[in-house]
Amino acid sequence: MILNYIWISLILLAVIMGIIQAVCYGNVDIFSAILNSTFDNAKTGFELSIGLTGVLALWMGIMKIGEQAGAVNSLGKAINPFFSRIFPEIPKGHPVFGTMLMNISANMLGLDNAATPMGLKAMGELQELNKDKTKASNAMIMFVVLGASGLTLIPTTIMAYRAQLGAANPADVFLPILIATYVATLAGLICVCIAQKIRFKDPIVLGTVIGLTALVGLLVWSATLLTPHQLSVASAAAAAIILLGVICWFVLQATVKKINVYDAFIDGAKGGFQTAISIIPYLIAILVAVGMFRASGAMDLLEKGIAWLFAVCGINPDLAGAVPTALMKPLSGSGARGLMLEAMNNYGADSLVGRLCCILQGTTDTTFYVLAVYFGSINIKDTRHAVACCLIADLAGVIAAFAIAPLFFG
């Protein structure tokens, strides 16, 4: 329901902005620009969905091997004590725990292409447990919020972009991103726990959070011992080694249990195509609305207004240059990526705004993309409090990013 209002609002605001530009400034070409953006973004949405087919087939095939081999179930048992507290509706030892862990792990390693198929598979399994097939269950909401909050340990892609744009130290945003993304995830977790009346003070839940906080602190400390080049190499190598290790583990365990690995992979991969087709209308819908909003010039006007507000409040108005990235990130990952690259080109890769945009890009996942694709793939209409909790996590991440960037680079 909330997505419906947001979608309508984006379109109406774009049209209203177009009318204002035409009447007040004589810019009648704005309507053509808005209309053309609908065609361009519809094409982009289709191409993204079709382009996702191969990745979906690959990883749903791999996950099927792990499922039949019992590897996914083993992962689920390992995290069952914590997950059983924050997902009380899911039966203990259910295989979906392992699938969710694989999704969260891929997100943490910055492996978006690997995370999406695992996330869609997890949503399908959660839908099987869902009593009301049109309404999001508590477990679905918790999973989506954890995914959308986008806890990232290795921002490999962002560091690669910074290197291409001439940053003196491409990895210098590693620690700020790690801190900001953890704040976002923790805020999302607490928000859902409150909404669903989950006992956050439970010894296992609280202990896990404290342990993860300590682990993040250890990673931050370890990163300070490496040179920028060593950190970049180690991050990329760790992501590749861990992911390949998981694939080998699944295949070897299936082989030991005398499972036909090839047939298992084919069986799982078949679902990849159907899943990719099912998300096309949902992805096109959100991309078209966002494209119209951008083409109308509403985003530019919003940036100028925020710069003025920053100046009035005594905040460095230069930081306003990063606001479009912050606002676009929940709506469009590709749009936010483009704004991040544009900011680094205009202000410089090593400028405060350029670095802040990188931190914002790595802080959370694309909230409305995750909501549209994950819930759309299983035809969930009522997302309940999922949107609100995701946006609170986004806001926490944005505030953390704006607070951290000046401390590191001001």
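Attention in this report is confined to the structure presented alongside it. (Residues numbered from 1 in each chain as written. Predicted model: local features only at pLDDT ≥ 70, side-chain atom pairs only at ≥ 80, totals over all residues. Heavy atoms only, no water.)

**Here we look at the overall build of the protein**
Across its full length, the protein holds 19 helices and 0 strands. By principal-axis analysis of the C-alpha atoms, the protein measures approximately 70 × 45 × 40 Å. Out of the 410 residues belonging to the protein, those deemed buried represent 53%. Restricting to contacts in the protein with at least 6 residues of sequence separation, those with at least 24 account for 78%. Across the protein, 23 positive and 21 negative side-chain charges occur, with their mean positions spaced 11 Å apart. (Helix = DSSP H or I, 4+ residues; strand = E, 2+ residues; numbered from the N terminus. Buried < 20%, exposed > 50% of the residue type's maximum accessible area, 1.4 Å probe, protein only. Contact = heavy atoms within 4.5 Å. Lys, Arg positive; Asp, Glu negative; His and termini not counted. Charge placed at Lys NZ, Arg CZ, Asp CG, Glu CD.)

**Overview of the packing of helix 9 (residues 174–195) against helix 19 (residues 386–409)**
For the pair helix 9 and helix 19, interaxial distance at closest approach is 8 Å and the crossing angle is 155°. Taken together, helix 9 and helix 19 sit at an angle that is classed as roughly antiparallel. Remark: the crossing between helix 9 and helix 19 carries right-handed chirality. Contacts between helix 9 and helix 19 involve Leu175, Pro176, Ile179, Ala180, Val183, Ala184, Ala187, Gly188, Cys191 and Val192 on the former and, on the latter, Cys389, Ile392, Ala393, Ala396, Gly397, Ala400, Ala401, Ile404, Phe408 and Phe409. Here the contact of helix 9 with helix 19 is composed, by residue class, of 18 nonpolar, 2 polar and no charged. (Axes fitted to C-alpha atoms, helices over the stretch in contact; angles between N-to-C directions. Parallel < 35°, antiparallel > 145°, perpendicular 65-115°, else oblique. Left-handed = near helix turned anticlockwise from the far one by under 90°. Nonpolar A, V, L, I, M, F, W, Y, C, P; charged D, E, K, R; others polar.)

**Structural notes on a nonpolar patch on the surface**
Side chains of Trp7, Ile8, Leu12, Ile16, Ile20 and Tyr25 sit close together on the surface and give an oily, nonpolar patch of about 600 Å² of accessible area. For tyrosine 25, the position within the fold is in helix 1 (residues 2–25). We classify tyrosine 25 as exposed; its relative accessible area is 67%. (Patch = residues over 30% accessible without salt bridge, like charges linked within 9 Å, V, L, I, M, F, W, Y side chains within 5 Å. Areas by Shrake-Rupley, 256 points an atom, 1.4 Å probe, with all protein chains shown as cover. Salt bridge = Lys/Arg side-chain N within 4 Å of Asp/Glu carboxyl O.)

**Digging into the nonpolar core**
Ranked by size, the top nonpolar core spans 74 residues in total, and within it Phe87 and Met100 carry the most contacts. No other element matches helix 7 (residues 138–148), which puts 9 residues into this core. Those residues in contact with phenylalanine 87 that lie beyond four places of it in its chain are Phe97, Met100, Ala139, Met142, Phe143 and Leu146. Core analysis: the next-biggest nonpolar cluster, separate from the first, contains 29 residues, Ala167, Met340, Leu360 and Ala405 among them. (Core = buried A, V, L, I, M, F, W, Y, C linked by side-chain atoms within 4.5 Å.)

**Considering the state of the cysteines**
One pass over the full model with this rule turns up 0 disulfides. With no disulfide partner, cysteine 193 has as its closest neighbouring cysteine sulfur the one in cysteine 191, 9.3 Å distant. The class for cysteine 193 is buried, based on a relative accessible area of 2%. (Disulfide = S-S within 2.5 Å.)

**Re the side chain of glutamine 21**
One can find glutamine 21 in helix 1. With residues near it in sequence (within four places) discarded, glutamine 21 still touches Gly26, Asn27, Ile30, Ser296 and Gly297.

**Focus on unusual backbone geometry**
One non-glycine residue, lysine 197, lies in the positive phi region at around 55°. Backbone geometry places lysine 258, a non-glycine residue, at a positive phi of 60°. Along the polypeptide, lysine 258 turns up in the loop between helix 11 (228–256) and helix 12 (261–278). You can call lysine 258 exposed: its relative accessible area is 78%.

**Points about the packing of aromatic side chains**
Counted under the stated rule, the structure contains 7 aromatic pairs. An angle of 85° between the planes, with centres 6.2 Å apart, marks the rings of phenylalanine 310 and phenylalanine 402 as edge-to-face. Of the two residues, phenylalanine 310 is situated in helix 14 (residues 298–312) and phenylalanine 402 in helix 19; the sequence distance between them amounts to 92 residues. Pair check on accessibility: phenylalanine 310 and phenylalanine 402 agree, each one buried. Connected via pairs of aromatic rings, a cluster forms that spans Phe82, Phe83, Phe87 and Phe97. (Phe/Tyr/Trp six-rings, centres within 6.5 Å; stacked < 30°, edge-to-face > 60°.)

**Remarks on the environment of phenylalanine 174**
Along the chain, the position of phenylalanine 174 falls in helix 9. Phenylalanine 174 sits 159 residues away from valine 15 along the chain, and the two C-alpha atoms are 40 Å apart.

**Considerations on the packing of helix 17 (residues 352–363) against helix 19**
Where helix 17 contacts helix 19, the axes come no closer than 9 Å and their chain directions differ by 145°. Relative to helix 19, helix 17 is oriented so that their crossing is right-handed. Between helix 17 and helix 19, the contacting residues are Leu352, Arg355, Leu356, Ile359, Leu360 and Thr363 on the first element and Gly397, Val398, Ala401, Phe402, Ala405, Pro406 and Phe409 on the second. For the contact of helix 17 with helix 19, a count of residues per class yields 10 nonpolar, 2 polar and 1 charged.

**A closer look at helix 7**
The element helix 7 is extensively covered by neighbouring structure, given that 11 of its 11 residues are classed as buried. Those residues of helix 7 that sit buried are Asn138, Ala139, Met140, Ile141, Met142, Phe143, Val144, Val145, Leu146, Gly147 and Ala148. Positioned one or two residues after helix 7, glycine 150 has a phi angle of 60°, which is positive.

**So, the side chain of arginine 355**
Mapped onto the elements of the fold, arginine 355 is located in helix 17. Judged by its relative accessible area of 14%, arginine 355 is buried. Contacts of arginine 355, omitting those with residues within four sequence positions, involve Arg162, Asp172, Val173, Ala349, Asp350 and Phe409.

**Focus: helix 18 (residues 367–376)**
Counting buried residues in helix 18 gives 9 out of 10 residues, a clear majority hidden from the surface. Listed as buried for helix 18 are Thr367, Phe368, Val370, Leu371, Ala372, Val373, Tyr374, Phe375 and Gly376.

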